[in-house]
Amino acid sequence: MTLREMTVDDLDEVLVLEKKLFPVPWTREGFFTFLIRKDTLFLAVEEADSILGYAGCLIVLDEADILNIGVDPGRQREGIGGFILQSIMRLLQMQGVRYIHLEVRESNETARRLYERNGFAVDGLRKDYYTDPTEDAVLMTKILG
Ligand SMILES: CC(C)(COP(=O)(O)OP(=O)(O)OC[C@H]1O[C@@H](n2cnc3c(N)ncnc32)[C@H](O)[C@@H]1OP(=O)(O)O)[C@@H](O)C(=O)NCCC(=O)NCCS
């Protein structure tokens, strides 16, 4: 398994995963717009030339927002999500980031547990933030030591 930065060339593969994973997937244009920015960091985990998972974040001064994280449905529960999250946290810390924020669907217990296990705490709720289906977003933050 290799961890590396995601590039525009990965988008075909990432979009296939994204459509399997999210009811409202990011579009190619959405990924492209963020990928080419200098204030973002997108990582991909690859094995035998296939992308197994990915995550991206936006960095503003000493704060970062995790924008997305996903693992191939056939390869979940192997620790890959945890590995990507921990890798992104380490890289952000090296860049001087102190606060990492994210939002997650209230019913997404797997993701919420993953974030809690990795030191994120709930610090707010955004009412009806998600569509298809409409659902509140739980806001979580981790303070890096
Ligand atoms: C959330 C997500 C990224 C987690 O990815 P993952 O690779 O399955 O994450 P991990 O394997 O690190 O952890 C998930 C679970 O597998 C368990 N696990 C990890 N390694 C394991 C192993 N070797 N054997 C058995 N279980 C294991 C973890 O304990 C964890 O269990 P839990 O659900 O009871 O807490 C993935 O479920 C996903 O892509 N979901 C859809 C997209 C999504 O919701 N993204 C988050 C948006 S905010």
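Small disclaimer: the values here were computed from a predicted structure and weren't measured.

Among the nonpolar cores identified, the biggest contains 28 residues, and I66, L85, I88, L92, I100, Y115 and F120 are the most heavily contacted of them. Counting residues per element, the ones that place at least two in this core are β2 (40–47), β3 (50–60), β4 (63–71), α3 (80–94), β5 (99–105), α4 (109–117) and β7 (135–143). Look past the residues within four positions of I66 in its chain and what remains in contact with it is G56, C57, L85, I88, I100, H101, L102 and F120. Of all hydrophobic cores here, the second largest spans 11 residues; its members include V14, F31, L35 and F42.

Quick look at unusual backbone geometry now. A cis amide bond links D132 to the next residue, P133, at an omega of -5°. With respect to the helices and strands, the residue P133 is situated in the loop between β6 (121–130) and β7. Positive phi values are uncommon outside glycine, yet D49 reaches one of about 65°. Checked against the element boundaries, D49 lands in the loop between β2 and β3. In this model, L61 sits at a positive phi of 50°, which is unusual for a non-glycine residue.

Moving on, we get to the sheet that holds β4. Across the sheet, 7 strands lie side by side as β1-β2-β3-β4-β5-β7-β6; this open sheet has mixed pairing. Strands at the two margins of the open sheet, each flanked by one partner only, are β1 (2–5) and β6. Taking the axes of each pair of neighbouring strands and ignoring which way they run, one obtains an average angle of 25° across the sheet. Bridge count for β4 against β5 is 3 bridges, and the pairing is parallel. Directly across from D65, in β5, lies its bridge partner H101. Where helix α1 (residues 11–21) meets the sheet, its contacts fall on β3 and β4, and the angle it forms with β3 comes to roughly 85°. Where α4 meets the sheet, its contacts fall on β4, β5 and β7, and the angle it forms with β5 comes to roughly 160°.

Turning our eyes to something else, we now look at the packing of α1 against helix α2 (residues 28–35). Between α1 and α2, the shortest axis-to-axis distance is 10 Å and the interhelical angle comes to 125°. On the basis of the axis angle, α1 is oblique to α2. Note that α1 runs across α2; the crossing there is right-handed. Counting all contacts with α1, which are made through L11, D12, V14, L15 and E18, the residues of α2 involved are R28, F31, F32 and L35. Taken together, the residues of the contact of α1 with α2 sort by class into 6 nonpolar, no polar and 3 charged.

Calculation rules
Residues numbered from 1 in each chain as written. Predicted model: local features only at pLDDT ≥ 70, side-chain atom pairs only at ≥ 80, totals over all residues. Heavy atoms only, no water. Core = buried A, V, L, I, M, F, W, Y, C linked by side-chain atoms within 4.5 Å. Buried < 20%, exposed > 50% of the residue type's maximum accessible area, 1.4 Å probe, protein only. Helix = DSSP H or I, 4+ residues; strand = E, 2+ residues; numbered from the N terminus. Contact = heavy atoms within 4.5 Å. Pairing = 2+ DSSP bridges. Axes fitted to C-alpha atoms, helices over the stretch in contact; angles between N-to-C directions. Parallel < 35°, antiparallel > 145°, perpendicular 65-115°, else oblique. Left-handed = near helix turned anticlockwise from the far one by under 90°. Nonpolar A, V, L, I, M, F, W, Y, C, P; charged D, E, K, R; others polar.

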